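Given next are the chains, with one letter for each unit.
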Amino acid sequence: PRSVTRGADGAVAVAGLSVRDIAAEFGTPVYVLDEADLRSRCRDFRAAFPTEDVYYAGKAFLCRAVVRMIAEEGLHLDVCTGGELATALSAGMPPERIGFHGNNKSVAELGRALDAGVGRIIVDSFTEIDRLTALARERGVRPRVLVRVTVGVEAHTHEFIATAHEDQKFGFSLAGGAAANAAFKILDEGVLELRGLHSHIGSQIFDASGFEVSARRVLALQAQIRDARGVELPELDLGGGFGIAYTTQDDPATPQDLAKRLRKIVDSECAVENLAVPHLSIEPGRAIVGPAVFTLYEVGTVKDLDGLRTYVSVDGGMSDNIRTALYDASYSATLASRASTAQPLLARVVGKHCESGDIVVKDEFLPADVQPGDLVAVPGTGAYCRSMASNYNHVPRPPVVAVCDGQARLIVRRETEEDLLALDVG
Ligand code: LLP
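Conventions we followed
- Residues numbered from 1 in each chain as written.
- Predicted model: local features only at pLDDT ≥ 70, side-chain atom pairs only at ≥ 80, totals over all residues.
- Helix = DSSP H or I, 4+ residues; strand = E, 2+ residues; numbered from the N terminus.
- Rg over C-alpha atoms; globule rule 2.2 N^0.38 Å.
- Contact = placed C-beta atoms within 7 Å.
- Near = placed C-beta within 6 Å.
- Nonpolar A, V, L, I, M, F, W, Y, C, P; charged D, E, K, R; others polar.
- Domains from an automatic or database assignment.
- Axes fitted to C-alpha atoms, helices over the stretch in contact; angles between N-to-C directions.
- Parallel < 35°, antiparallel > 145°, perpendicular 65-115°, else oblique.
- Left-handed = near helix turned anticlockwise from the far one by under 90°.
- Core = buried A, V, L, I, M, F, W, Y, C linked by C-beta atoms within 7 Å.
- Buried ≥ 20, exposed ≤ 12 C-beta atoms within 10 Å, placed from the backbone.
- Pairing = 2+ DSSP bridges.
- UniProt positions renumbered as here; feature names shortened; annotations may be inferred.

Colleague: What should I look at first to understand the overall build of the chain in this one?
Modeller: Helix and strand counts for the chain come out as 12 helices and 21 strands. Taking 22 Å as the expected radius of gyration for a compact globule of 426 residues, we find that the chain reaches 23 Å, a close match to that expectation. Seen through its C-alpha atoms, the chain measures out along the principal axes to roughly 70 × 55 × 40 Å. In the chain, of all internal contacts separated by at least 6 residues, the share reaching a separation of at least 24 is 69%.

Colleague: What is the right way to read the site of the ligand from this model?
Modeller: Neighbouring residues of the ligand: 22 residues in total, closest Ala57, Ser203, Gly240, Gly285 and Tyr384. Counting residues per element, the ones that place at least two in the shell around the ligand are α10 (286-289) and α11 (323-327). Looking at the shell around the ligand residue by residue, the classes come out as 9 nonpolar, 8 polar and 5 charged. Residue assignment places the shell around the ligand across two domains, with domain 1 (4-33 + 290-421) and domain 2 (35-289) each supplying three or more.

Colleague: Explain the domain arrangement of the chain to me, please; I cannot follow it from the model alone.
Modeller: Note on interface size: it is often stated as the accessible area lost on association of the parts. Along its sequence, the chain is organised into domain 1 (4-33 + 290-421) and domain 2 (35-289). For domain 1 versus domain 2, the separation of C-alpha centres amounts to 33 Å. Facing the 23 residues of domain 1 at the interface are 21 residues of domain 2. Sorting the residues of the side of domain 1 that touches domain 2 by element identifies β20 (400-404) and β21 (407-412) as the ones contributing at least two each. Counting residues per element, the side of domain 1 that touches domain 2 draws most heavily on β20, at 4 residues. In terms of residue class, the side of domain 1 that touches domain 2 is built from 16 nonpolar, 6 polar and 1 charged.

Colleague: Please clarify how the packing of helix α2 (residues 35-48) against helix α9 (residues 255-273) should be interpreted in this entry.
Modeller: A pair of packed helices is captured by two measures, namely the crossing angle of their axes and the spacing between those axes. As a packed pair, α2 and α9 sit with axes 8 Å apart at the nearest point and diverge in direction by 30°. One finds that α2 runs roughly parallel with respect to α9. Considering how the two elements wind past one another, α2 and α9 form a crossing that is right-handed. For the pair formed by α2 and α9, the contact residues are Asp44, Phe45 and Ala48 on the first element and Pro255, Gln256, Leu258 and Ala259 on the second. Of the residues assigned to the contact of α2 with α9, the class counts are 5 nonpolar, 1 polar and 1 charged.

Colleague: Sorry if this is basic, but what is going on with the nonpolar core here?
Modeller: Side chains of a nonpolar character, in soluble globular proteins, are inclined to be buried together. The biggest cluster of nonpolar side chains holds 118 residues, and the ones touching the most others in it are Val19, Val32, Leu296 and Val376. Broken down by element, this core gets its largest block of residues, 6 residues, from helix α8 (residues 209-229). In terms of domain composition, this core takes at least three residues from each of domain 1 (4-33 + 290-421) and domain 2 (35-289). Contacts of Val376, omitting those with residues within four sequence positions, involve Tyr297, Val299, Val314, Ala333, Thr334, Leu335, Ala336 and Val349.

Colleague: What should I look at first to understand the environment of Gly190 in this one?
Modeller: Take Gly190: it is sitting in the loop between α7 (178-189) and β11 (193-198). Classification of Gly190 by C-beta neighbours within 10 Å gives exposed; the count is 10. Placed 61 residues apart in sequence, Gly190 and Asp251 show a C-alpha to C-alpha distance of 45 Å.

Colleague: Got a minute to help me understand the environment of Arg97 in this structure?
Modeller: Looking at where Arg97 falls in the secondary structure, it is placed in the loop between α4 (82-90) and β7 (98-100). Judged by C-beta crowding, with 18 C-beta atoms within 10 Å, Arg97 ranks as partly exposed.

Colleague: Explain the pairing of strand β4 (residues 30-34) here, please?
Modeller: In the case of a regular strand, side chains alternate between the two sheet surfaces. Burial analysis of β4 places 5 of its 5 residues in the buried class, which makes it a mostly covered element. Side chains Val30, Val32 and Asp34 of β4 all project onto a buried face; the interleaved residues Tyr31 and Leu33 project onto the opposite face, where all are buried too. Examined bridge by bridge, β4 and strand β14 (residues 293-305) share 4 bridges and lie antiparallel to one another. Bridge pairing links Val30 to Leu296 in β14.

Colleague: Please explain the pairing of strand β13 (residues 279-282) as it appears in this structure.
Modeller: Bridge analysis of strand β5 (residues 53-57) against β13 gives 2 bridges, and the strand direction is parallel. Counted as the bridge partner of Asp53 is Ser281 from β13. Here 3 bridges tie strand β12 (residues 235-237) to β13, and the two strands are oriented parallel to one another. In the strand pairing of β13, Glu235 is matched with His279.

Colleague: What's the story with unusual backbone geometry in this structure? I'm lost.
Modeller: Across the chain, the bulk of peptide bonds are trans and the bulk of non-glycine residues have phi less than zero. Cis geometry is adopted by the peptide bond preceding Pro29, which originates at Thr28 and carries an omega value of -10°. Tracing the sequence through the fold places Pro29 in the loop between α1 (19-26) and β4. Phi is positive for Asn393, close to 65°, though the residue is something other than glycine. The residue Asn393 is located in the loop between β19 (375-379) and β20 in this model. Residue His394 is not a glycine yet carries a positive backbone phi of 55°. You can call His394 exposed: it has 9 C-beta atoms within 10 Å.

Colleague: What is the right way to read the environment of Asn103 from this model?
Modeller: Tracing the sequence through the fold places Asn103 in the loop between β7 and α5 (107-116). For the pair Asn103 and Arg148, spaced 45 residues apart in sequence, the C-alpha to C-alpha distance is 9.5 Å.

Colleague: Would you explain the UniProt feature "binding site: substrate" (unreviewed entry) in the chain in this entry?
Modeller: The UniProt record annotates "binding site: substrate" (unreviewed entry) at Arg286, Arg323, Tyr327, Glu355 and Tyr384. Spanning 99 residues, the annotated positions stay apart in the fold, the maximum distance between their C-alpha atoms being 27.5 Å. Here Arg323 is to be found in helix α11. With 22 C-beta atoms counted inside 10 Å, the residue Arg323 sits in the buried group. Following the sequence through the fold, Glu355 ends up in the loop between β17 (344-350) and β18 (359-367).

Structure, rendered in C-alpha cells:
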C-alpha cells in the first residue's frame, strides 16, 4: 500500500499504525486494507476515465465497507452472483450503478436483479436471453443488457484466467457468428433493451495490445449490427484485467496510459467504421483493490533443510491465499515486526495446511535471524485472496481490517471455530 513506512522501532507502519499494534489487537493472519490507498486508486481511475463508467469488479474482494468506499468514490459495481448482488444492495449501492455478470445466472438470480432494478445485465448465452426475456415479460419491464462477446484474443496470462480465446465457457463467439445472432435476437424480439457489447479478455494483463485487438473486433461487430438492423448501440464495455505489480519485475500501465490507448483505438476504429463513439465502460477489480491490502502473518516455525532451503511457516497459507498454488503466482514477503541487520537468507514462506503445495511465497530473501513470533507481511493480497479463501483443514478465515489516519476498523470479522461448527447438522 501507498502509506507504508518503517517506524523508529523498525516495525512496518501503515496509515500511521504499527503492524505490531494491528496484530496485537486483531490477531494474525489478518488482511490489512489501506483505505486511503484504495480510495486513491478509485480516484485515479475516475480521473483517467472521467466521462466513462468504471465498474469495480466485486469478485476481487467484496464486503459492505468496500462497496460503500467505491460508491462514495463514484465507481459503479460489477457483481456476478446472487451473493455479490445481495452484498452490494445491503450496503446501499444504487442498483442503477450495478452491472450483473455471469455465465450461468439462475432464474432466481435474474429475477432478483430485475426486482432490484440493476442498471444492466451482461447476457452470456442464448439460454439466458430466453430466461431473462420470460422474466421481463412477466414483470412488464425492459431490462438493459449488453452482449458478452468472445473476441478470440489470446491474452498473455495464466490459462485459467484468460477468457477471450475461443475454447472456454464465457460469452458468444464472434468468429462463429453467435455474437451477431445474439444481438439480432434481442433486437428482433424487442423485450430486452440492447445497450451494447461487452468483452473481457482475461486478468493480470500487461500488454495493452490485447485490448486494442478486442476493441477493434467488437466495433466491427457493432458496425455489422448497424448495417443489418440500422441500430447503433450506444455503449461499449472493454472489461477489466489490468495487471498490477506483485513483484518488482512487474511494470503495470497507469490508468491514464490505459485510458489514452483505449480511447485512441476506439476513436480511430469508430472513424473507420463510421460509427458514433459509444459510451465506454471498464471493469477493473485487481487494479483497484490488489495493491491496497497486505496480509500479516506470524511466523510459527523455521526449518532449515541443510543447504537446500529454509522453510518459514506462517499461521495461514493456501486457505487465505490460494493464488500461489493455483496460478503459480509470485508474491514477496517482508519481515515486518522489526528491523534486522542479519544476512539475507533465501526462504520459502509456507502455510500450515496439510500439503506441500501450501506455499505463500516461493522464493524470498528474509533476514537469516527470522524466528518464531516475527510478523511477516505479504503485500498485494487485496484481490482474489479473501474472496477465494477457504476453510481447508477447518481453518477459520482471517478478518479484514481497514486502516486510515491512524485508526483501525474491523470491516470483516475473523471467522471462528463456532462459525464452522454452526453448519454441521447432527
Ligand atoms: N470483468 C469481468 C467480466 C471479469 O470476469 C473479471 C474477472 C473482471 C472484470 C475483473 O478482472 P480484474 O480487473 O480483477 O483482473 N481469480 C483470478 C482472477 C479471475 C478473474 C475473473 N474475472 C486471480 O486470482 O488471478
